[in-house]
Structures are given as structure tokens and as C-alpha cells.
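Fold and geometry: a report
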Amino acid sequence: MMSRLFWPGIALLVAVIAHIAYVLYLPRMDMRERLEALGRLARPSGSFQILEGRQALLLTRTPPRYMLHGVCVIEPGEGQVEMMARLPGSYWSLTVYSDSGDVIYTLNDRHVDADSLTVIFRMRKETPSGLPEVPRLREGKLVVPLASKRALAVLRTYVDVPGLRRRILRAFSSSTCRALPSPAPVAGTTSGS
Amino acid sequence: MAWRGGIPVSGLLKFLIAVAVGLAAGYFSATYMASGHAFSGAVRLGAWTAWPQSGREDASPYSRLHFLMRGQLPPSHFNRLEFEAVEDDAGDPLRAGCTYRIASTTLPARWWALTLYPEEEVRRGRFGNVREISSRTAILARDGSAAFIISRRPRPGNWLQAPPEGRFILVFRLFGPTPLAREKLLSRPPARIIREVCR
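Residues numbered from 1 in each chain as written. Chains lettered and ligands numbered in written order. Predicted model: local features only at pLDDT ≥ 70, side-chain atom pairs only at ≥ 80, totals over all residues.

What follows covers the overall build of chain A. Within chain A one finds two helices and 10 strands. Taken from N to C terminus, the helices and strands of chain A fall in the order α-β-β-β-β-β-β-β-β-β-α-β. Expected size for 193 residues packed as a compact globule is a radius of gyration near 16 Å; at 21 Å, chain A overshoots this value by more than 25%. C-alpha atoms of chain A, sized along the principal axes, occupy 75 × 60 × 35 Å. Every one of the 193 residues in chain A was classed for burial, and the buried ones make up 35%. Taking the contacts inside chain A whose residues are at least 6 apart along the sequence as the reference set, 69% of them involve residues at least 24 apart. (Helix = DSSP H or I, 4+ residues; strand = E, 2+ residues; numbered from the N terminus. Rg over C-alpha atoms; globule rule 2.2 N^0.38 Å. Buried ≥ 20, exposed ≤ 12 C-beta atoms within 10 Å, placed from the backbone. Contact = placed C-beta atoms within 7 Å.)

Structure follows, in C-alpha cells:
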């Protein structure tokens, strides 16, 4: 009886392992490839990248027809990445994805009453309370701590009025995304001093 | 018993078959769950499927797999609700040769868009023949509901052109729903999909 169940048991075990691996690791690999591709796209300008036409397929195979996307691949390392987004007067949303495809942070035009938004991304730090750091507004800039080494910020707006497209494209084009140099160590805190 | 290199051939064969069967079962069970079946985190509302927790860190892993398998980053549940239909209310696939009437309820979102994608193009990763009507371009009833017609030939009203052939997918995206509106939207289908005639 036991010997008869041995091979089906092995097949079942492999099925469970394959199922878990597929569900947990495939999205992570997919996201990594997507970030690589978007990173390559943004590298020539090293900045905020507007995705037009077929380029939007890097975000979704089913893009809404009139959606305009701008992306910033974030790799803060030890430093910070600053994204300054020029915002259209109409609906927009900003979504930040981790390298596993989870949404880390999101907001839309209802939350920001301004024509531009500056976001600083940096790695999450330990807090005295042990609780994870949360995004904060500091000197007019939104500071978003990241738990993953790479992330993707996607700014979306909807342009179904042809006359508005050029204006919104111009606004998006003047958005920037750049690595900031690491802050200088405070005197007396370095190991050599 | 036949031996080759110290391993019994029948045992090796059984092992390989067990691994192959296991891998296939693991793959198909994962894709089955990611297509929106029970316990996957998806919600079925009539012909529509929604993933209300998409994008959240604590979302079902099938939700993430579902969107990434479709080549899409998961939408933020906070900003957007997406409903997807591949069949009509009777459970038949959406086909280019048929005419469909779609009757939406009042949609409590800041704006919405109904988009039609030819299935073949989505599968091949093409982007071109996408048809879309948004809340800004649609003709709405007084209560905010809308009626759409999908057919190959032009029809008066909110007309979406069906592709020349094959099947198609409908995606209803609702942007900026309030938490209360989300509850309401997830309690009933956003629209009925009724097949009229097929050629």
C-alpha cells in the first residue's frame, strides 16, 4: 500500500513546491526584468522617462488608451533619489512599486494642491521604537523610505482631450529624477575621527 | 531489473514522470488560482472579476501573479478599481462576431473608462486596436449610468467597435473611488453584458 503511494506522493510534493515557487518567485523575477528594461530606457537621459505608445507595454500589456505614464527607476543605494514631478491640473496619480511588485506608496491629485511635487526616496532606517519608518513631509518635500533596494515610481495621468496632450507632455517632460549625493558625515561621527 | 550506471531504469523513469507530473500540476494549479477562482483573493461580480486588494503588501500572492502574468503592474487598490470580463452574463466568451449591450450602474468614481482589447493582441503584446470610452466622452443617463453597444458596425450612442475577428476582453477601470464607493462597487457587478445577436 505504502509503496503504491510513494511516487504519487513524490509528484504531490513536487507539485506543492512548484506551485509555491511559481506564485512567490515568478512575480519577483518579472518585476526585476521590468525594472531592468525601464532602467535601460531611462539611462540615456538618466531621468524621468515618459512612456509613449508601445513603451507603455513595459508597465502593462493592456494600457488604457489615453493614459500617459512617466516613470522613475529608483536605486538610492546609500544616498537618495529625488523626483520632482510637474503635475497636470487634471487627474494624476503617483504609485511607487517595490522590486516585488507591491505598492509601497500612492497618492493622487486630491492629496496635493500644487503644480509640482518633490519626493525624496532613500533606504529605510532603524527607528528607536523599532517600528518601520513611514513617509513624512519635510521642508515641503515628501520623504519616502524604501525597504527594497530598487523601486519604481509611476506617474499617471489621463489625457482624453487632444488639446491638453501637448501641455501635459510639456509638464511631464520638465519633471526630473536624479540621484542626490550622500549627505556629508557629521564631524566626529566617522569611525576615523 | 535493468541497470544503467548503477541506477535502476524503472526507478529513474518513475522519478522523472513524478517530477514532470508534479511540475505540470504546480504550474497549472498556480495559473488556475491566478485566473480568479475561489480562495485566490478575486471577487466575481456577474461576468466581471476584480482583485480588490491588489497592490497591497498583504494581498493574496495570486493577485500579484494574476497581474504580472498579464504583463501588468498591480493597480493600487487605493487609486483604482479594475473589473475585467472575458465572457458575457450567460457565461459565453466575448466574441467579435456578436453584438453586445452593456448596461452600467451609476459608477461612484471620479471618472472611469471602459476599454476593449482584442485577446489575440494582448497575448502577442501588441498595442494598437484598443477602443475606449471614458466618463468624459460617454453619453450618460441622468443618474450617471451608461449604456454601451459593442459591434463591428457603427451604432448610435456609446459605441465600441468590436475587432474584426476572435475574442476580446473588456476592462472597466474606475479611478479615485472613495472607500464607501469601493464597498458599493464591490457589492454588485459594475455592468451587465448582454449578448444580442451573433453572425
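Anyway, onward from the coordinates.
With that settled, consider the overall build of chain B. Counting secondary structure elements, chain B contains four helices and 12 strands. A compact globule built from 199 residues would reach a C-alpha radius of gyration of about 16 Å, whereas chain B, at 21 Å, exceeds it by more than 25%. Expressed as lengths along the three principal axes of its C-alpha atoms, the size of chain B is roughly 80 × 40 × 30 Å. Counting every position in chain B, which comprises 199 residues, the buried fraction comes to 35%.

Further remarks concern the confidence of the model for chain A. Put simply, chain A has an average pLDDT of 82, and 90% of its residues get 70 or more. For the stretch residues 188–193 of chain A, pLDDT sits under 50, and the model shows three contacts to residues farther than four places along the chain or on other chains. (pLDDT = per-residue confidence, 0-100.)

What follows concerns the pairing of strand S2 (residues 67–74) of chain A. Residue and element names in this part refer to chain A. In terms of burial, S2 is largely enclosed, as eight of its eight residues are buried. Covered by surrounding structure in S2 are Met67, His69, Val71 and Val73 together with Leu68, Gly70, Cys72 and Ile74, the residues of both alternating faces. As paired strands, strand S1 (residues 49–51) and S2 are joined by three bridges and run antiparallel to one another. If you follow Leu51 over to S2, its bridge partner there is His69. In this sheet, strand S9 (residues 151–158) lies alongside S2 in antiparallel orientation, the contact comprising eight bridges. Among the inter-strand pairings, Cys72 is bridged to a residue of S9, identified as Ala153. (Pairing = 2+ DSSP bridges.)

Take the interface of chain B and chain A next. Across the contact, 44 residues belong to chain B and 38 residues belong to chain A. Ranked by residues supplied to the side of chain B that touches chain A, first place goes to helix H1 (residues 9–34) of chain B with 11 residues. Partitioned by chemical class, the residues of the side of chain B that touches chain A number 22 nonpolar, 13 polar and nine charged. (Nonpolar A, V, L, I, M, F, W, Y, C, P; charged D, E, K, R; others polar.)

Among the nonpolar cores identified, the biggest contains 50 residues, and Ala151(A), Leu152(A) and Ala153(A) are the most heavily contacted of them. When neighbours within four sequence positions are excluded, Leu152(A) is seen to be in contact with Leu35(A), Leu38(A), Val71(A), Val73(A), Ile74(A) and Tyr97(A). (Core = buried A, V, L, I, M, F, W, Y, C linked by C-beta atoms within 7 Å.)

In this section: the sheet that holds strand S6 (residues 98–104) of chain B. Residue and element names in this part refer to chain B. Taken together, the four strands give an open sheet; going across it, the order is S10-S9-S6-S12, and neighbouring strands pair in mixed fashion. Looking along the sheet, the strands with just one partner apiece sit at the ends: strand S10 (158–161) and strand S12 (191–198). Geometrically, the sheet is characterised by an average inter-axis angle of 20 degrees between neighbouring strands, direction not taken into account. Taken together, the seven bridges between S6 and S12 define a ladder with antiparallel strand orientation. For Tyr100, the partnering residue across the bridge sits in S12 and is Arg195. (Axes fitted to C-alpha atoms, helices over the stretch in contact; angles between N-to-C directions.)

The next point concerns the pairing of strand S5 (residues 80–85) of chain B. Residues and elements named next belong to chain B. Among the six residues that make up S5, six are buried, leaving the element largely enclosed by the rest of the structure. Of the two faces of S5, the one holding Arg80, Glu82 and Glu84 and the one holding Leu81, Phe83 and Ala85 are both buried throughout. Note: strand S4 (residues 48–50) against S5, three bridges, orientation antiparallel. Along S5, the bridge assignment pairs Ala50 with Phe83.

Residue and element names in this part refer to chain B. When you tally the buried positions in helix H2 (residues 61–69), you get seven out of nine residues, the bulk of the element. Among the residues of H2, Tyr62, Ser63, Arg64, Leu65, His66, Phe67 and Leu68 are the ones counted as buried. Trailing H2 by a residue or two, Gly71 shows a phi angle of about 75 degrees, which is positive.

With that settled, the discussion passes to the sheet that holds strand S8 (residues 131–134) of chain B. Residue and element names in this part refer to chain B. Strand order in the open sheet formed by six strands is S3-S4-S5-S11-S7-S8, and the pairing between neighbours is antiparallel. Unpaired on one side and paired on the other, strand S3 (43–45) and S8 mark the two borders of the sheet. Taken over all neighbouring pairs, the strand axes of this sheet differ in orientation by 20 degrees on average, direction set aside.

Next up on the list: the environment of Tyr27(B). Inspection of the secondary structure puts Tyr27(B) in helix H1. Beyond its immediate stretch of four places on either side in the chain, Tyr27(B) contacts Ala18(A) and Tyr22(A).

Our next topic: the environment of Leu58(A). All names here are of chain A. Within the element layout of this structure, Leu58 appears in the loop between S1 and S2. Of the residues examined, Leu58 has 20 C-beta atoms within 10 Å and is grouped as buried. With 21 residues separating them in the primary sequence, Leu58 and Ala37 have C-alpha atoms 7.7 Å apart. Ignoring sequence-local partners within four residues, the contact set of Leu58 consists of Arg34, Ala37, Leu38 and Leu51.

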